[in-house]
Amino acid sequence: MSATDSQGTLVKPFAERLAEGLIVADGAMGTMLYARGVFINRCFDELNLSSPDLVRGVHDEYLEAGAELLETNTFGAHRLKLGPHGLDGQVVKINREGARLARQAAQGRAHVAGSIGPLGKPLKPYGSLGHDEALAAYEEQVQGLVEGGVDLFLIETM
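The shown structure was predicted, so the numbers you read here are calculated from the model rather than taken from an experiment.

Quick notes on the packing of helix α6 (residues 91–106) against helix α7 (residues 131–148)
Now for step 1: As a packed pair, α6 and α7 sit with axes 7 Å apart at the nearest point and diverge in direction by 35°. Pair α6 / α7 crosses with right-handed handedness. Packed against α6, whose contacting residues are Val91, Val92, Asn95, Arg96, Ala99, Arg100 and Arg103, the element α7 presents Glu140, Gln141, Gln143, Gly144, Leu145, Glu147 and Gly148 at the interface.
Now for step 2: Split into classes, the residues belonging to the contact of α6 with α7 amount to 4 nonpolar, 5 polar and 5 charged.

Here it is as structure tokens:
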């Protein structure tokens, strides 16, 4: 995928830009949200729906600081992490909005990476989580990120 700038001109595709050298990415979304008073027991991913201006503000600051790659606020936005907050039915929506907010902030000046974090449960035989359940959780998350318009996926902390 390619992002577009404010005049509708295509920005280089990610792989082409990467071939030119290092890309400056943003930093820790959760840390920035916590620094703004969001308590650690809160579901940070849900803020895409309830506090989009807060999330967008973090993206804006990273962009202003020179980030060429913005990560979505979706690190734990899959059913296994959203479920304990009663949000397992909103996985696609939370991810779609997370991607939309980052895309809106990027304004064609940065690429948008869909952040995908660990499931938080070990797979069989070390734990009780089956392969099909893990795959379904990630497929649902990816669906929302794609619908929101990410350029790539950033699979982190695995």
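Let us keep going from here.
Some words on the confidence of the model for the chain
Now for step 1: With 94% of its residues at a pLDDT of at least 70, the chain reaches an overall mean of 93.
Now for step 2: Of the regions scoring below 50 in pLDDT, residues 4–9 engages in 10 contacts with residues more than four places distant in sequence or in other chains.

Here we look at the sheet that holds strand β1 (residues 69–71)
Now for step 1: On the basis of which strands lie adjacent, the open sheet formed by 3 strands has the order β1-β2-β3 and parallel pairing. In this open sheet, the two edge strands, each paired with only one partner strand, are β1 and β3 (152–155). Between one strand and the next, the sheet's axes are offset by a mean angle of 35°, whatever the strand orientation.
Now for step 2: Relative to β3, strand β2 (residues 111–116) runs parallel, the two being bridged by 4 bridges.

What to know about the nonpolar core
Now for step 1: Ranked by internal contacts, the top residues of the largest apolar core, which has 21 residues, are Leu33 and Leu70.
Now for step 2: In terms of residue count, the dominant contributor to this core is α6 (5 residues).
Now for step 3: Once residues lying within four places of it in the same chain are set aside, the contact partners of Leu33 are Val38, Phe44, Leu47, Leu54, Val58 and Asn73.
Now for step 4: Core analysis: the next-biggest nonpolar cluster, separate from the first, contains 6 residues, Ala77, Leu82, Leu87 and Val91 among them.

Focus on the packing of helix α4 (residues 52–64) against α6
Now for step 1: Taken N-terminus to C-terminus, the directions of α4 and α6 make an angle of 40°; their axes are 9 Å apart at the nearest point. In terms of axis orientation, α4 runs oblique to α6. Between α4 and α6 lies a crossing of right-handed hand. Residues Pro52, Val55, Arg56, His59, Asp60 and Leu63 of α4 pack against Leu101, Ala102, Gln104, Ala105 and Ala106 of α6.
Now for step 2: Taken together, the residues of the contact of α4 with α6 break down into 7 nonpolar, 2 polar and 2 charged.

Notes on the pattern of salt bridges
Now for step 1: Evaluated as defined, the whole model comprises 9 salt bridges.
Now for step 2: Across the salt bridge formed by Glu61 and Arg36, the nearest N and O atoms sit 2.6 Å from each other. Pair noted here: Glu61 is in helix α4 and Arg36 is in the loop between α2 (29–35) and α3 (47–50), with a separation of 25 residues, a long-range link.
Now for step 3: Given the relative accessible area of 31%, Arg36 is considered partly exposed.

Observations regarding the environment of Asn41
Now for step 1: Tracing the chain through its elements places Asn41 in the loop between α2 and α3.
Now for step 2: Spatially, the C-alpha atoms of Asn41 and Asp151 are 30 Å apart, while their sequence positions differ by 110 residues.

Some points on a nonpolar patch on the surface
Now for step 1: Taken together, the side chains of Val146, Phe153, Ile155 and Met158 make up a nonpolar region of the molecular surface, amounting to roughly 410 Å² of accessible area.
Now for step 2: Within the fold, Val146 resides in helix α7.

Some remarks on α7
Now for step 1: Here α7 spans 26 Å end to end across 18 residues, near enough to the 26 Å set by a 1.5 Å rise per residue.
Now for step 2: All buried positions along α7 are accounted for by Ala134, Ala137, Glu140, Gln141, Gly144, Leu145 and Gly148. Projected down its long axis, α7 carries its buried residues within an arc of 135°, all on one side. Seen from the buried face of α7, the exposed residues on the opposite side, beyond 90 degrees, are His131 and Asp132.
Now for step 3: The first or second residue beyond α7 is Gly149, which carries a positive phi of 95°.

Parameters at a glance
- Residues numbered from 1 in each chain as written.
- Predicted model: local features only at pLDDT ≥ 70, side-chain atom pairs only at ≥ 80, totals over all residues.
- Heavy atoms only, no water.
- Axes fitted to C-alpha atoms, helices over the stretch in contact; angles between N-to-C directions.
- Helix = DSSP H or I, 4+ residues; strand = E, 2+ residues; numbered from the N terminus.
- Left-handed = near helix turned anticlockwise from the far one by under 90°.
- Contact = heavy atoms within 4.5 Å.
- Nonpolar A, V, L, I, M, F, W, Y, C, P; charged D, E, K, R; others polar.
- pLDDT = per-residue confidence, 0-100.
- Pairing = 2+ DSSP bridges.
- Core = buried A, V, L, I, M, F, W, Y, C linked by side-chain atoms within 4.5 Å.
- Buried < 20%, exposed > 50% of the residue type's maximum accessible area, 1.4 Å probe, protein only.
- Parallel < 35°, antiparallel > 145°, perpendicular 65-115°, else oblique.
- Salt bridge = Lys/Arg side-chain N within 4 Å of Asp/Glu carboxyl O.
- Patch = residues over 30% accessible without salt bridge, like charges linked within 9 Å, V, L, I, M, F, W, Y side chains within 5 Å.
- Areas by Shrake-Rupley, 256 points an atom, 1.4 Å probe, with all protein chains shown as cover.
- Expected span 1.5 Å × (residues − 1).
- Arc of directions from axis to C-beta.

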